[in-house]
Amino acid sequence: MAVIADILDLASIEAGRLELNRDSVDIHGLLVGALNIVQERSRHKDLRVEFNCPTDIGWMTADDKRLKQVVFHLLSNAIKFTPQGGKITISAKTSKKNTTLKVADTGKGIPAEKLPKLTDPFTRADRDPYLAEQGWGLGLTITKSLVDLHDGTLDIKSKVGKGTVVTILLPPERTVAK
């Protein structure tokens, strides 16, 4: 069902039919909500999760459901590709220019030559079926598309054997039409 939902989301985005329901979103609450969804999986792998987001970070204008989906995909990937005992860090900060959300891990990393195509549909960092993690290669495609719909940018930096850092820059708060 999750794969079907992802494919439907992607089809809606590509057809220009997915509309964001923008409203005021509590940044801290958004990140805590996404963390709560994946908490059991991170505990099961004995991963250390660092949370660097002040409780009074403030609000931003965004689609809460879709932005939570973005953070969930990033956290899920970090958990999936970080070996037992590793570390995941989720952080947020704001400035007059933007809101920065960041998910970093100490996972296996992604080869540099794979990074440019990583957000293409059905792309996976590891094609070897014995090494590849479970998944369809749609999470980062949907994540990038949703970030784009929020007028933001997504940046992925990675080093094999060291881990991956995904940074999302979102524009400052805007007035929401009621």
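The coordinates are above.
Here we look at the sheet that holds strand β6 (residues 153-159)
Spatially, the five strands line up as an open sheet ordered β2-β4-β5-β7-β6, and their pairing is mixed. Two strands close off the open sheet at either side, each with one partner strand: β2 (48-52) and β6. With strand direction ignored, the average angle separating the axes of adjacent strands in the sheet is 10 degrees. Sheet analysis places strand β4 (residues 87-94) next to strand β5 (residues 99-105), joined by seven bridges and oriented antiparallel.

A look at the pattern of salt bridges
For the coordinates displayed, the defined rule picks out six salt bridges. Of the charged contacts, one joins Lys157 and Asp155 as a salt bridge, the two residues approaching to 3.2 Å between their closest N and O atoms. For Asp155, a relative accessible area of 32% puts it in the partly exposed group. Connected via shared salt-bridge partners are Arg48, Glu50 and Lys87.

Some points on the packing of helix α3 (residues 64-81) against helix α4 (residues 139-149)
At their nearest, the axes of α3 and α4 sit 9 Å apart, and the two run at 145 degrees to each other. Crossing geometry of α3 relative to α4 is assigned as left-handed. Contacts between α3 and α4 involve Arg66, Gln69, Val70, His73, Leu74 and Asn77 from the former and Gly139, Leu140, Ile142, Thr143, Leu146 and Val147 from the latter.

Calculation rules
Residues numbered from 1 in each chain as written. Predicted model: local features only at pLDDT ≥ 70, side-chain atom pairs only at ≥ 80, totals over all residues. Heavy atoms only, no water. Pairing = 2+ DSSP bridges. Helix = DSSP H or I, 4+ residues; strand = E, 2+ residues; numbered from the N terminus. Axes fitted to C-alpha atoms, helices over the stretch in contact; angles between N-to-C directions. Salt bridge = Lys/Arg side-chain N within 4 Å of Asp/Glu carboxyl O. Buried < 20%, exposed > 50% of the residue type's maximum accessible area, 1.4 Å probe, protein only. Left-handed = near helix turned anticlockwise from the far one by under 90°. Contact = heavy atoms within 4.5 Å.

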